[in-house]
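# Per-entry structural report
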Amino acid sequence: MNEQKTTPQAPVRGPRLYLHDMPLDTACVPCESANQCCEFNGKIQDAKDSSRYIQWPFAETDVNPNPSLRLLVIADQVEGSEASDIGTLFANVKVSYQKFLCGQDCKQPDPQRVSLSVQNQEGTETKTDYSFESKVVMPGKAYFAFVNWIPKDVLTALMILDTIVTFHRQLSGSDTTRITPRMCVNHPPSTKTFEVIPLPQIKLEGSAEVSLLFSLSTTAPLKIEYGAKSALTYIYGNLKQEYKGEAKESVYSSADSSGGHSSNEQKAPGVFGLLKQLVDQVSDTQRKGTPSNTAGSNVTHGNRVTLSTSVRLGFIGIELQAKSRTPDLLLNFGEVNATLKAGVTGTIDVLDTAAQMFMPAAASTIRKTRTAIANGERVNGDLQANIILAADSNVNLKIHPNASFTLHANGDDTSVKGLWQKSTLSGQLKVMGKAELRFHVEGKVWGVSAKVGANGSLHTAWCTEVRQNPDDAGEWESRSYFEGLVAEVNVYAEVFYEDTAAKAADGGRSDQRTTQVDTVKTTQTIFDAVDANIAESDRTAARLEAEDLERRASESSQPPRLSVEEAKYVLRTYDLPKPIAQREELERLENSVRLHPYEVDNQVALDNLLREITKDYHDLKNPNSLGVHQILAPTVNPINANSPKWTRFQFFGGGSE
């Protein structure tokens, strides 16, 4: 990672000025009118490296063909507090100038004919000293706000990467220190505005692993158990730290009993923000599935969910340095690898919400039966309304330029853009849910069949997806959505059972499925618990996918498709939703197939129409149907490749923009 150094530039002597004293509109006295009043030159230099400077008069010469109006410096000091994570970062620059006079001092009678205007975040100040130091401050706080459940060393590593990602924004920002020379004549090369832009001192090397367990319940605060293993060396601003393989564990509990995050909790940055967004989506559905009027009951049927994740980060050869003898900075960037694997176990109980959708009488009966079961009473019934959860989550990011990049003070950042062209980002965080819905109470049986989710994944899913912008590989995007849950309800029969010896032995209950799912217990360490939860989630996902594949294969063969003659009979005999339009289309396609038997499009269209008529007929022949009900609403409709929209995403900081 070698960078060719440019030839050091010497200060350029500006052209001699044969001008009048502009403020007085007369020649300088006692100078002769043909002689200059004063000649003015100076420089702004890095206080830590005198070979790095910008100067005036600002002029292109053979020696310096590309003069710069901007100087980039490394900020490695903090102000505002003695604490290392409070205040703002800053650097110092030295400013000096000279004036060459003819005759008496040209500053008489106006003492500010030769001066400097210094403008920064605090305001504007006029300087008349020939030499002084000036503080240039980075905007905003020095560090990310502390997040309770992200280890500080990992948070700092993310902040370093986020700073690099947003270099272009900092270089083009308005929060810079501006220094403008002023003199007694109107000479543009000597009175241009110069800028000094500070960027934090940066160095990062090593690896880190974070394991997290999110325990979600409708009757307890959100609980986050986390552990971290770090072997990191980093420098950010004035903060220097080295971690040598330390492992630590901790527990954080939100004060918000609804299962969400507390109001004073800081927003998690980057990939951790994606993860927390997914947790909040699942938690929100969990709360909606358990109305407040049942939250206080003794029934804890299927209302505990444990979401686990393992985040692994690796960093090689990342360092920002001042580039000697130039106003530029040099970024060395080896490689970054980041992977996120997630798992989930547990169920979400939607019993009350689902029952309310069927009919008020059914909801009342089911609610009473549920209370009776909770109180240990003998009940002839079977209640099941759970969403069984598993995960299919894997997000990967790799940045591998293994090169050095110049941050040009003149604002040309094309070289740094090449860094993001050598990156790959893919994957999704996805919690799948298979809905198992069954109600048999007091001899009445409701058959409930959950529908496949919008993306064909079991019955529902919570998704957070990431990708590289198809039009710009250097820009990352994300989107999140919940597919919703739709079910078709049928009353199958009125049946009455007599107690059997088996029921008596069971205390009078028949197949009461009140699944209780406990959170994963830590056996040795939080890392073991996360690995165990992810493994269990993988097994559940494989089982649910196999069951769903078998179900779809079974459904694909039933009911058998009607023939053309059978379809004609059905359209004449039964009151289908679109009998006239379907009959006309059937006749047209039948003739087209007969006249043009080798045209595939006509045959395909005919097959699709026959399937549509078959479905309408069988739906009509089910008189006990209570209709299709949306038990849980999707976050957006429709869900497809373009909906919901993709938004810009910062992998290392800030979440979605």
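Scroll up a little and you will see the structure.
This one's a predicted model, so the numbers in the text were calculated from it and none came from an experiment.

When you line up the elements, Ala541 lands in helix 9 (residues 526-556). A relative accessible area of 9% means that Ala541 is categorised as buried. Remark: the alpha-carbon pair of Ala541 and Gly343, spanning 198 residues in sequence, is separated by 9.4 Å. Residues within four places of Ala541 in sequence aside, it is in contact with Ala390, Ala391 and Met432.

Another point: the nonpolar core. The biggest cluster of nonpolar side chains holds 126 residues, and the ones touching the most others in it are Trp149 and Phe272. Once residues within four sequence positions are removed from consideration, Phe272 is found in contact with Trp149, Ile150, Val154, Leu158, Val210, Leu212 and Val311. The next biggest cluster of nonpolar side chains, apart from the first, holds 14 residues, and it includes Val564, Val593, Leu606 and Ile613.

Under the definition given, this model contains 17 salt bridges. Between Lys568 and Glu590 there is a salt bridge, with the nearest N and O atoms lying 3.0 Å from each other. With Lys568 in helix 10 (residues 564-573) and Glu590 in helix 11 (residues 579-595), this pair connects stretches of sequence that are 22 residues apart. Taking the relative accessible area as the measure of exposure, Lys568 reaches 23% and is therefore partly exposed. In this structure Glu590 comes out as partly exposed when scored by relative accessible area, which is 23%. A single salt-bridge network, built from bridges that share partners, covers Lys434, Arg543 and Glu547.

Turning our eyes to something else, we now look at the pairing of strand 22 (residues 460-469). Looking along a regular strand, one sees the side chains alternate between the two faces of the sheet. Where burial is concerned, most of strand 22 is hidden: nine out of the 10 residues are buried. Examined bridge by bridge, strand 20 (residues 423-441) and strand 22 share six bridges and lie antiparallel to one another. Opposite Lys430, over in strand 22, you have Cys463 as the bridge partner. Summarising the sheet, strand 22 and strand 23 (residues 472-482) pair through eight bridges and their orientation is antiparallel. Of the residues in strand 23, the one forming a bridge with Thr464 is Ser480. Linking strand 22 to strand 23, which pair antiparallel, is a turn of two residues.

The rules behind each value
Residues numbered from 1 in each chain as written. Predicted model: local features only at pLDDT ≥ 70, side-chain atom pairs only at ≥ 80, totals over all residues. Heavy atoms only, no water. Helix = DSSP H or I, 4+ residues; strand = E, 2+ residues; numbered from the N terminus. Buried < 20%, exposed > 50% of the residue type's maximum accessible area, 1.4 Å probe, protein only. Contact = heavy atoms within 4.5 Å. Core = buried A, V, L, I, M, F, W, Y, C linked by side-chain atoms within 4.5 Å. Salt bridge = Lys/Arg side-chain N within 4 Å of Asp/Glu carboxyl O. Pairing = 2+ DSSP bridges.

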